[in-house]
Amino acid sequence: MMPIILEEIPMLPLGLAHLLRNSSLVCGRLRIANRAPYRQQIGTRPPMASEPALAAIEQTIVAGLGAQDLQMRLAGPTWLFFFPTLDKASARARCTQLAEKVRQRLSMDDIRWGDSKVECVVIEADLKLLAAAGDPATLIQTMLDEAGREALAGQASGLAETVAEALAREDQCTAQAVRHASQQRTSERPPEGVLGDIEFRFLPVWNASHGVIATHGCEAFRAEAADLVLRGYDTLTQGEDSALVGDLDLATFARAREAVSALLRANDPGIISFPVHWRTLERLEPRRHLTAALEQSSPEERKLLAAQLTGLSEGTPVHRIQEGVNFLQRHTRAVFVRLPPSFIRFDELRGSGAYGVVCDIRSRGSELAEHMKELRRFGYQAKRAGLKLVAAGLGDVAAVHAAIEAGFLNLQGDAISPATDEPHGARPFALPDLIATGLQLGAA
């Protein structure tokens, strides 16, 4: 989304009319104040003089907005937002997240505005009032200014919040989640009644070029019947649509961290990966809970923890993927992105920060041969983008051969090795002769 200067929009009322489909419009404003470090760098020049810095901040803002959100950059380091599909509470949550991301971006070396204060304020404007105004843009600005003044005076009850206030509130809201995660570390089962009869097991990942298993994926299992075992988000009643997705991610991470701690104590280090669903990061409360849990891990544990960003589709905007990767990178050794075989936008993933991609290659009988072209394309484009390749769900010999033929040399599935109750550190591993016959293994 290109920045739009408010003064350049003489037809702003028409633009608003296109957005407004309800009886009110929720607007927000983010402003960077107290820019002493900023002025020291640029002397007496006005704020607009530092376009590269403002552009970098704007990139951070755009990446954190929803698909239907609109933003305008005003004079200086100030942005105006329109949220046509959100209520005020949801818009305030989004603005708070944006403010946190901007604060983190300000502390980076290329900007160094670390002492600056990021302020955000949200209002809900009545459409009839806007329609009657001769200048809706000025009216919105006036309402935002007034809301900001009231908030500073302590009269707006959270209408406007600084990042510091938001984080303080977040600590209080997530205290229970932190205790919840800590409790889960003492058992491989989540609390009774929350996720049901679920246990966590570890799926070995075989590096074919080195003949070693050094990574295990932590995953939820639930026995549905004597011959039916559900895995991952399928263990939830509504699958990936369940409201418990965030709870499952939190419980899975707690078990993964527990396993890493045990490996460190045994002086037998190995990498443990855990899934994080996009829905967990998209929803405020689950994200807060997961953040609190991730921040409890030690630097030594983080060196052995890898995250898998899941729940993505071919149509997921790449800037959303990048946002999820950036969030998880701060707390883990590496981040993998789980993508469908039909994904083709690998050039856009280049430079996203993702270490690799995971693709499910499940045997489809005679259909597997028909999908080889798609798998080869996936493997070729991912490697060209500098991403490591992991094939998951390999259930039989045909699937293993198909994965390696398509360029996947990190393999996971029952055909490689079944799930185990406890992971181990790096171990040499050789495939059974039935699978290994005829394979041409190159470099990982």
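Because the structure is a prediction, the values reported are computed rather than measured.

A word on unusual backbone geometry. Despite not being glycine, N267 shows a phi value in the positive range, around 55°. Assignment of secondary structure puts N267 in the loop between α8 (245-265) and β9 (271-277). Assessed through its relative accessible area of 69%, N267 is described here as exposed.

One way to say it: the disulfide is the covalent bond shared by the sulfur atoms of two cysteines. Tallying each qualifying case throughout the model produces zero disulfides. Not engaged in a disulfide, the cysteine C120 finds its nearest cysteine sulfur in C95; these two sulfurs lie 5.7 Å apart. Taking relative accessible area as the criterion, C120 reaches 5% and is therefore assigned buried.

Moving on, we get to the packing of helix α10 (residues 284-294) against helix α12 (residues 318-329). Interhelical geometry of α10 versus α12 gives an angle of 35° and a closest axis separation of 11 Å. Between α10 and α12, the contacting residues are R287, L290, T291 and L294 on the first element and E323, F327 and L328 on the second. Residues that form the contact of α10 with α12 fall into these classes: four nonpolar, one polar and two charged.

Our next topic: the nonpolar core. Ranked by internal contacts, the top residues of the largest apolar core, which has 69 residues, are L339, F346, I361, F378, L394, F408 and L411. Looking at this core element by element, the count peaks at nine residues for α8. Setting aside residues up to four positions removed in sequence, L339 forms contacts with L312, F346, L349, V357, V358, C359 and F378. One finds L30, W79, F83 and C120 within the second-largest nonpolar core, a separate group that totals 20 residues.

Here we come to the environment of F202. By the secondary structure assignment, F202 is in strand β6 (residues 199-207). Here the alpha-carbon distance between F202 and F221, two residues 19 residues apart in the chain, equals 9.9 Å.

Mapped onto the elements, F253 comes out in helix α8. The exposure class assigned to F253 is buried, which follows from its relative accessible area of 2%. C-alpha of F253 to C-alpha of A293: the two residues are 40 residues apart in sequence and 8.1 Å apart in space. Beyond its immediate stretch of four places on either side in the chain, F253 contacts F274, A293, L294, S297 and L305.

Before going further, it helps to spend a moment on the pairing of strand β12 (residues 356-360). Regular strands place side chains that alternate from one sheet face to the opposite one. The buried count for β12 comes to four of five residues, which makes it a mostly enclosed element. Both strand β11 (residues 334-338) and β12 contribute to a ladder of three bridges, which runs parallel. Paired with F336 across the bridge in β12 is G356. Summarising the sheet, β12 and strand β13 (residues 388-392) pair through five bridges and their orientation is parallel. Bridge pairing links V358 to V390 in β13.

Turning next to the packing of α8 against α10. Two numbers describe how α8 lies on α10: the axes approach to 9 Å, and their chain directions differ by 10°. With respect to each other, α8 and α10 are oriented roughly parallel. Across the interface between the two elements, G246, L250, F253 and R257 from α8 touch P286, H289, L290, A293 and L294 from α10. Looking at side-chain class alone, the contact of α8 with α10 contains six nonpolar, two polar and one charged residues.

This model, assessed by the stated rule, comprises seven aromatic pairs. With centroids separated by 6.3 Å and ring planes inclined at 70°, the aromatic side chains of W206 and F429 adopt a geometry described as edge-to-face. Here F429 lies in the loop between β15 (427-428) and α17 (433-436) and W206 lies in strand β6, a separation of 223 residues in the sequence. Take W206: its relative accessible area is 4%, and that puts it in the buried class. We classify F429 as partly exposed; its relative accessible area is 24%. Between F346 and F378, the aromatic rings sit 5.0 Å apart at their centres with planes inclined by 90°, giving edge-to-face as the arrangement.

Conventions adopted
Residues numbered from 1 in each chain as written. Predicted model: local features only at pLDDT ≥ 70, side-chain atom pairs only at ≥ 80, totals over all residues. Heavy atoms only, no water. Helix = DSSP H or I, 4+ residues; strand = E, 2+ residues; numbered from the N terminus. Buried < 20%, exposed > 50% of the residue type's maximum accessible area, 1.4 Å probe, protein only. Disulfide = S-S within 2.5 Å. Axes fitted to C-alpha atoms, helices over the stretch in contact; angles between N-to-C directions. Contact = heavy atoms within 4.5 Å. Nonpolar A, V, L, I, M, F, W, Y, C, P; charged D, E, K, R; others polar. Core = buried A, V, L, I, M, F, W, Y, C linked by side-chain atoms within 4.5 Å. Pairing = 2+ DSSP bridges. Parallel < 35°, antiparallel > 145°, perpendicular 65-115°, else oblique. Phe/Tyr/Trp six-rings, centres within 6.5 Å; stacked < 30°, edge-to-face > 60°.

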